[in-house]
Amino acid sequence: MLTCLTELTFNRNCIEIRTCMSIPYFIDPSAGNIYGQHIPTGICSTDGVIHDFAGPYTVSVDNMAFGNPTKYWQLDLSKVKDMEWDRAVQEASEIYRGRMHNLCCDNCHSHVAMALNLMSYDGRNNWNMVHIALFLIPHSSFTGFGGFVKTYLPFVILLTIILVVSFVF
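The following paragraphs examine the structure supplied in this document. (Residues numbered from 1 in each chain as written. Predicted model: local features only at pLDDT ≥ 70, side-chain atom pairs only at ≥ 80, totals over all residues. Heavy atoms only, no water.)

1. Observations regarding the sheet that holds strand β5 (residues 50-55)
Ordered by their spatial adjacency, three strands build an open sheet running β4-β5-β6, and the pairing between neighbours is antiparallel. Looking along the sheet, the strands with just one partner apiece sit at the ends: β4 (43-44) and β6 (58-61). Bridge count between β5 and β6: four bridges; the pairing is antiparallel. Residue pairing across strands places D52 opposite S60, the latter belonging to β6. (Pairing = 2+ DSSP bridges. Helix = DSSP H or I, 4+ residues; strand = E, 2+ residues; numbered from the N terminus.)

2. Brief notes about the side chain of R124
Note that R124 resides in the loop between α2 (108-118) and α3 (129-139). It is D122 that comes nearest to the buried, bridge-free R124 among opposite-charge side chains, at 5.7 Å. Contacts of R124, omitting those with residues within four sequence positions, involve L116, N117, H131 and F135. (Buried < 20%, exposed > 50% of the residue type's maximum accessible area, 1.4 Å probe, protein only. Lys, Arg positive; Asp, Glu negative; His and termini not counted. Salt bridge = Lys/Arg side-chain N within 4 Å of Asp/Glu carboxyl O. Contact = heavy atoms within 4.5 Å.)

3. A closer look at unusual backbone geometry
A positive phi angle, near 60°, is found at Y57, a position not held by glycine. In this fold, Y57 is placed in the loop between β5 and β6.

4. Some thoughts on helix α4 (residues 145-168)
With 24 residues, α4 extends 33 Å between its outermost C-alpha atoms, agreeing within 8% with the 34 Å of an ideal straight helix rising 1.5 Å per residue. Within α4, the axis deviates most sharply at Y152, by approximately 35°, and proline P154 lies no more than four positions further along. (Expected span 1.5 Å × (residues − 1). Bend = angle between axes of the 7 residues up to and from the residue.)

5. A few points about the packing of helix α1 (residues 85-96) against α2
Packing of α1 against α2 brings their axes to within 8 Å, and their N-to-C directions diverge by 135°. Considered as vectors, α1 and α2 are oriented oblique to each other. The crossing of α1 and α2 is right-handed. Contacts between α1 and α2 pair A88, V89, E91, A92, S93, I95 and Y96 from the former with S110, H111, M114, A115 and L118 from the latter. (Axes fitted to C-alpha atoms, helices over the stretch in contact; angles between N-to-C directions. Parallel < 35°, antiparallel > 145°, perpendicular 65-115°, else oblique. Left-handed = near helix turned anticlockwise from the far one by under 90°.)

6. Structural notes on the pattern of salt bridges
Under the definition given, this model contains two salt bridges. Residue R97 pairs with E94 through a salt bridge whose shortest N-O separation is 2.7 Å. With relative accessibility at 46%, the residue E94 sits in the partly exposed group. Salt-bridge contacts for R99 lead to D106; the nearest nitrogen and oxygen are separated by 3.4 Å.

Below, the structure is given as structure tokens:
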């Protein structure tokens, strides 16, 4: 289980952040999507436990489907309007435990958007998977140097192989 600390730390088992209200995610540049990256997301409860819509009828708790987070978007508890944070995260998780996972239309981004909509985060009730993906780009931070390396090293290796093969053959 994750524990809130006064500073950001990352170890083999967890990511621990200042207030623990965040959207942690893992970027897999080798998988490829619209941005050239696969970005599984989850949402933390106030005690730092990550809820991740991992697959059909499955919301993983404290165990992200694609490994430990490499980046996170720190959210502000004061921007919650309608529902208490933990209740919104729990309700979104219960709703998504009854849904089929679909990479294009109903996925982990949609699960996070549902939680944000239930709590009217930042006064909005129109969060969706596209908003989540786009907001993660400018608002997120790496968990540390290791998160940066895990994010971009597979892409650099793949690019190097392609370049070597194209110039040698």
